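# Descriptive structure summary
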Amino acid sequence: MRASKRSSLIHLIYFSRSQLSAEPPVRARQIAEIARHAQKKNEFSVITSLLIVDQGYFIQILEGERLSVQETFQRISTDVRHRDVHIVEWREITKREFVTSFATALRAPSNEALFQRANLGPMLQRGTPKASTVYGLAQALQAEVMAKQGIDHLFV
Ligand SMILES: Cc1cc2nc3c(=O)[nH]c(=O)nc-3n(C[C@H](O)[C@H](O)[C@H](O)COP(=O)(O)O)c2cc1C
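Our subject in this report is the structure included herewith. (Residues numbered from 1 in each chain as written. Predicted model: local features only at pLDDT ≥ 70, side-chain atom pairs only at ≥ 80, totals over all residues.)

Broken down by element type, the chain carries five helices and five strands. Whereas a compact globule of 156 residues would reach a radius of gyration of roughly 15 Å, the chain reaches 16 Å, a difference of no more than 12%. For the C-alpha atoms alone, the extent of the chain along its principal axes is close to 55 × 35 × 30 Å. Out of the 156 residues belonging to the chain, those deemed buried represent 22%. Within the chain, contacts between residues separated by at least 24 positions form 72% of all contacts whose residues are at least 6 apart in sequence. (Helix = DSSP H or I, 4+ residues; strand = E, 2+ residues; numbered from the N terminus. Rg over C-alpha atoms; globule rule 2.2 N^0.38 Å. Buried ≥ 20, exposed ≤ 12 C-beta atoms within 10 Å, placed from the backbone. Contact = placed C-beta atoms within 7 Å.)

Next comes the structure, spelled out in structure tokens:
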């Protein structure tokens, strides 16, 4: 018999087409606005997540208790700041991989090599990104950000 009953932990990966401005400074402000709000809400719901922004696409991983993730995804999927929201994978996990309530990783010269290695572009255009590829890229992007902050020992 189990000593304690743990609620089920899941992750949900989706991708969508961004409806944000094509102007980089405007877009940066819009993303900051999403992040400010999402961070607070995810903290409250004990959700950890990473949002990848790559050439007009959003790819997000949400981790947390099943009902919290479902409720959050329902809100996200009806947000007019993106469209064509498709779930890539939804499954139970044994532990979280992401450390913050809401982190964003924008494609930039500093992480270009990681994006190129993952080569998500053609999969996104075909509408069939592989969960393992998204997951690997997200982990590498998180590790890069954390290493810059001197927190690389967590990821050895
Ligand atoms: C790409 C994208 C990612 C988002 N991620 C989150 C998220 O992780 N958590 C969250 O609560 N809201 C997120 N949002 C915002 C929600 O879609 C929605 O605007 C917000 O949760 C509504 O909050 P409210 O009910 O307090 O107005 C995201 C929006 C977009 C466009």
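Around the ligand there are 16 residues in total, and A38, K41, F58, D79 and R81 lie nearest to it. Secondary-structure elements contributing two or more residues to the shell around the ligand are α1 (24-45), β2 (48-54), β3 (57-65) and α2 (66-77). It is α1 that provides the largest number of residues to the shell around the ligand, a total of five residues. Looking at the shell around the ligand residue by residue, the classes come out as six nonpolar, six polar and four charged. (Near = placed C-beta within 6 Å. Nonpolar A, V, L, I, M, F, W, Y, C, P; charged D, E, K, R; others polar.)

Here is a general trend for soluble globular proteins: nonpolar side chains tend to be buried in one another's company. If you look at the biggest cluster of nonpolar residues, it comprises 23 residues, and the most contacted ones within it are L50, L51, I52, V134, L137, A138 and L141. At the level of secondary structure, the elements contributing two or more residues to this core comprise β1 (9-18), β2, β3 and α5 (131-148). Beyond its immediate stretch of four places on either side in the chain, L50 contacts I61, F98, A103, A105, A138, L141 and Q142. (Core = buried A, V, L, I, M, F, W, Y, C linked by C-beta atoms within 7 Å.)

A few words now on the pairing of β2. Most of β2 is tucked away, with five of its seven residues classed as buried. As defined by bridge partners, β2 adjoins β3 across seven bridges and the pair is classed as antiparallel. The residue of β3 that forms the bridge with T48 is E63. In the sheet, β2 pairs with strand β5 (residues 103-106) via four bridges, with the strands oriented parallel. Residue pairing across strands places L51 opposite T104, the latter belonging to β5. (Pairing = 2+ DSSP bridges.)

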